[in-house]
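# Fold and contact review
So the chains spell out like this:
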Amino acid sequence: MMEHHASHSLENFKNYVGIKFQLYNSLFTSLPFYRIEKTGMLLSLFLNICEEGYKKKYSPAQIIEEFFLKDASFKTESEKLDLLFRFIQFVERQVVLFDALEDAAFKFVHDTTGPGTLKQLEVEAVQYKKEKELVKKLDNFSVEIVLTAHPTQFYPGSVLGIINDLSKSLSENNTGRINMYLQQLGKTPFFKKEKPTPYDEAMSLIWYLENVFFLAVGRMVSFLKNQFPEADFQNNAILKMGFWPGGDRDGNPFVSTDTTLKVADALRGAIIKCYYLEIRKLRRRLTFKGVDILLLDLEKQLYNNIFIPGNRTDINKKDILKILNDIREILIYRHNGLFCYLIDDLINKVHIFGLYFASLDIRQDSSIHKKVFSAMAASDTFFPADYAKMSDEKKIEFLTKNTKVLPEKDYGDPIINDTFESIKAIKLIQQYNGEEGCNRYIISHSASALNVLEIYGLFILCGWKKDKMKVDIVPLIETIEDLRNASAILTTLFENKDYREHLKRRGDKQTIMLGFSDGTKDGGYLMGNWAIYQAKENLTAVARKYNVDVVFFDGRGGPPARGGGKTHKFYAAMGKNISNKEIQLTIQGQTVSSNFGTIESAQYNMEQLLHAGISNDIFSDRHIRLDKEEEDLLQKLAEQSFESYSELKKHPDFMDYLVQVSPLKFYSETNIGSRPTKRKKGKMNLDDLRAIPFVGSWSQIKQNVTGYYGLGMALQKMEQEGEFGRLKKLYRDSLFFKTLIDNCEMAMKKCYFPLTEYLSNDTKFSEIWNMIYEEYEITKKYLFKLTGHNELMAEYPVEQLSVDMREKMILPLVTIQQYAMMKIREMEQEGIKDPLKPTYEKLAMRCSFGIINAGRNSA
């Protein structure tokens, strides 16, 4: 059955995406907006020369040289560069067309009632006689999708809008509109002259809340309520939305308390606007006596809140629900329940979204808090004189026992002042948007219990009463070392009487955030994932000992190297030893548009997550869990892979290679995000470098080191020690291990070493290039031995074909980018002051858009 569906999906993909792409791509070729005629035809010739050139082991410079020898009409360097920029623009638009075609074909390529969907969950519950367990799980389980504005979205808002409209027209086969949108696309710039502000980023993501999540979440909750009426959805929001833009200030100097309050207000305004538009639609149906006046009154209240400046009333979730429930009663008792389902749909949405739409998180780095406390200790008289020298235990005692409130003052440092103001702002947001509007403070780089209890103490110092502190304090644990120490941190927190009382008031629940991006950057692919899995097991054991529910909030990015890929399969693979009360994860930039960009894809992917979390609990007897011997085997594999990855990172040319061969130093110039590429100013070093540009740079040079490096040598070593048979069995039996390998294959499928093979003989970089290439080849060889396949991603033929088509499409771009990087390196090494250097830098940077957009989860 599964194989039949896979072949049917592949056939549909070829018809709805492959053939249509060829058809509409030819429309591009004849569009009249290019200064140089025949750009499309020249690009086809260039692509052909690239493919043939790499077979002959040519370098990107030799390929470009050969191309211009074949067409003598481009004589000057300036004319040649101009054509290369045209190629970039052309390919960028081809990628948009391909994205729109994939979005339009979604329902034909994915089985929306098959494995991993809510429909399937219902069928399985009946089949395995687990209906009661399912209802019980629905009463206390939830999935929270947290949207972040991390700089991985290379499409500006205007282009995302075109993709949306183009996708609709493609699914309707409306050729006239398609032609019009393709022309619009030709004239719409992809590059922003200025960086977006944090508020701009927030507004871009609010578009998805209004146009995608509001409708997709509404549909899902209505389905669940209809199929499982006994479940208590009123007191448990099965789906929740979270939000980081405007609240996440970690390393982003442009986020202020003013931004936070503006974004909270925008979220409140957006959800009220959604309710207002729904009420307008309802009034066309609910024209009955007794109902019409109630609806009109609610419409006026909502209208006044969003459209009349200074007229914001104290309308709240409770008020709206009361009016809607009154209308529901009238419909049932006076009008035979006619159109009752329409009111039910809106009631469901109000229960989920309240007046906050998405919960705004506040996040700051522990190093900033250290500055804050140093400033307080130096200038506030009731702090102990020797506070700076006190042990962590003494500091914790002082902070948790203190009841005094700090007088307001200016500390002369905007970041210190903002820390106090942000804590006070939470109270204001809760007043207008409801408690869920902002009730979480996340601490990046939490390496000790003190890092957490400093924030608990800071809330008290800012005037929050202990018994009214409706805020969860969330440590974010990222490095391999911190993951190993996490249990000790949690034990200290739970042993603290004051903090334990705080948790009691918060429903005996502690959220812990785990950073997949920095974990992988620090430990490599296998160790990063395995260390988080182990930390989850250990933290669950500690929490259970203290009768606390631990909730894991996963900081995941798009690519496998940052916790992306087949995410839902990881959740389905967690054993009984890992807490499964909620699934919380970040969805970042590019992944928002690629996995949640349409109502169909958002619903499908959220259903996959819900199904994974619920089936992991109620059908757990169907999965084979990791036993002690299997865990030891994985530990050994992870340690060996970590050793190899660490060796690579320690290579003296590692950072130089990344800076000089990849477009890393141009990442911040793409103007796609408001925050800087590095956490601190100064020379580029690995510790301060953020995971997104780190992973994104490897993906642009088609080496994806962070998605596999170390695994090949580890597998080889295990074979030498006679353990390979056990690993093959583990691959067959463990969904967790299989998913790790599947994701690794996805990262490797997007590699293309002929692009940089010219470095294999380079005087400076030959050693490191050969190290990476050999590890890639070893990993591929052992993956084939492990899986029994002879090609990467063999079990995912649709995705495999999609990757092949996308990678071919951007071959001209990666060639142009490498050519530009070669030219820049040459000029820098020889100390040449070439007036064209800024043009080459711009060329390298501009290629990033098409390359990363084509990858869909490359950054």
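Residues numbered from 1 in each chain as written. Predicted model: local features only at pLDDT ≥ 70, side-chain atom pairs only at ≥ 80, totals over all residues. Heavy atoms only, no water.

Time to look at the overall build of the protein chain. Per the secondary structure count, the protein chain includes 35 helices and nine strands. Relative to the globule expectation of 29 Å for 859 residues, the C-alpha radius of gyration of the protein chain, 28 Å, shows essentially globular dimensions. By its C-alpha atoms, the protein chain is 80 × 70 × 60 Å across when sized along the principal axes. A total of 859 residues make up the protein chain; the buried ones form 61% of that total. Nonlocal contacts in the protein chain, meaning residues at least 24 apart in sequence, comprise 82% of its contacts between residues at least 6 apart. Surface summary for the protein chain: the accessible area is close to 34,600 Å², and the carbon and sulfur share equals 51%. (Helix = DSSP H or I, 4+ residues; strand = E, 2+ residues; numbered from the N terminus. Rg over C-alpha atoms; globule rule 2.2 N^0.38 Å. Buried < 20%, exposed > 50% of the residue type's maximum accessible area, 1.4 Å probe, protein only. Contact = heavy atoms within 4.5 Å. Areas by Shrake-Rupley, 256 points an atom, 1.4 Å probe, with all protein chains shown as cover.)

By the definition in use, this model includes 46 aromatic pairs. Ring plane angle 80° and centroid distance 6.2 Å describe the contact between phenylalanine 214 and phenylalanine 357, whose orientation is recorded as edge-to-face. One end of the pair, phenylalanine 214, is in helix α10 (residues 198-227); the other, phenylalanine 357, is in the loop between α14 (340-353) and β3 (359-360), with 143 residues separating them in the sequence. Take phenylalanine 214: its relative accessible area is 3%, and that puts it in the buried class. The buried category is assigned to phenylalanine 357, whose relative accessible area is 1%. Measuring from centroid to centroid gives 6.0 Å for tyrosine 819 and tyrosine 840, while their planes differ by 75°, and the two rings are edge-to-face. (Phe/Tyr/Trp six-rings, centres within 6.5 Å; stacked < 30°, edge-to-face > 60°.)

Bringing the packing of helix α11 (residues 257-285) against helix α17 (residues 414-433) into the picture now. Following both chains from N to C, one finds α11 and α17 inclined at 15°, their axes separated by 9 Å at the closest point. The pairing of α11 with α17 is recorded here as roughly parallel in orientation. Between α11 and α17 lies a crossing whose hand is right-handed. Together, Thr257, Thr260, Leu261, Ala264 and Arg268 of α11 and Asp418, Glu421, Ser422, Ala425, Leu428, Ile429, Tyr432 and Asn433 of α17 make up the contact between the two elements. Residue composition of the contact of α11 with α17, by class: six nonpolar, four polar and three charged. (Axes fitted to C-alpha atoms, helices over the stretch in contact; angles between N-to-C directions. Parallel < 35°, antiparallel > 145°, perpendicular 65-115°, else oblique. Left-handed = near helix turned anticlockwise from the far one by under 90°. Nonpolar A, V, L, I, M, F, W, Y, C, P; charged D, E, K, R; others polar.)

Attention now moves to the pairing of strand β5 (residues 440-444). Of all five residues in β5, five are buried, a share of seventy percent or more. Neither face of β5 is open: one carries Arg440, Ile442 and Ser444, the other Tyr441 and Ile443, and all of them are buried. Note: strand β4 (residues 362-365) against β5, four bridges, orientation parallel. For isoleucine 362, the partnering residue across the bridge sits in β5 and is tyrosine 441. Strand direction decides the pairing type here: β5 and strand β6 (residues 472-477), joined by four bridges, are parallel. When the sheet's bridge partners are listed, isoleucine 443 is paired in β6 with proline 475. Each parallel crossover has a hand, and for β5 linked through helix α18 (residues 449-461) to β6 it is right-handed. (Pairing = 2+ DSSP bridges. Right-handed = clockwise from strand over helix to strand, strands pointing away.)

So, on to the environment of tryptophan 244. Within the fold, tryptophan 244 resides in the loop between β2 (239-243) and α11. In sequence terms tryptophan 244 and isoleucine 49 are 195 residues apart; their C-alpha atoms lie 45 Å from each other. Separated by 2.9 Å, the side chains of tryptophan 244 and aspartate 361 make a polar contact. (Polar contact = N/O pair within 3.5 Å; in protein donor to acceptor, adjacent residues only side chain to side chain.)

Let us now look at the environment of leucine 10. By secondary structure assignment, the location of leucine 10 is in helix α1 (residues 2-29). The sequence separation of leucine 10 and glutamine 800 amounts to 790 residues, and the corresponding C-alpha distance is 9.9 Å. Among all residues touching leucine 10, those that are not within four sequence positions of it are Pro797, Val798 and Leu801.

Between the first and last C-alpha of α10 there are 41 Å, a value that for 30 residues agrees with the 44 Å anticipated at 1.5 Å per step. By the largest-angle criterion, phenylalanine 213 marks the main kink of α10, which is about 40°. (Expected span 1.5 Å × (residues − 1). Bend = angle between axes of the 7 residues up to and from the residue.)

The strand order β3-β2-β1-β9-β8-β7-β6-β5-β4 describes an open sheet built from nine strands, whose pairing is parallel. A strand with exactly one partner marks an edge of an open sheet, and here the two such strands are β3 and β4.

Moving on to the pairing of strand β7 (residues 509-515). With seven of its seven residues buried, β7 lies for the most part within the structure. By the alternation rule, side chains of β7 split into Lys509, Thr511, Met513 and Gly515 and Gln510, Ile512 and Leu514, which are all buried. Taken together, the two bridges between β6 and β7 define a ladder with parallel strand orientation. Bridging from a neighbouring strand, leucine 476 pairs with methionine 513 of β7. Bridge count between β7 and strand β8 (residues 549-555): seven bridges; the pairing is parallel. Across the sheet, residue glutamine 510 finds its bridge partner in β8, namely valine 550.

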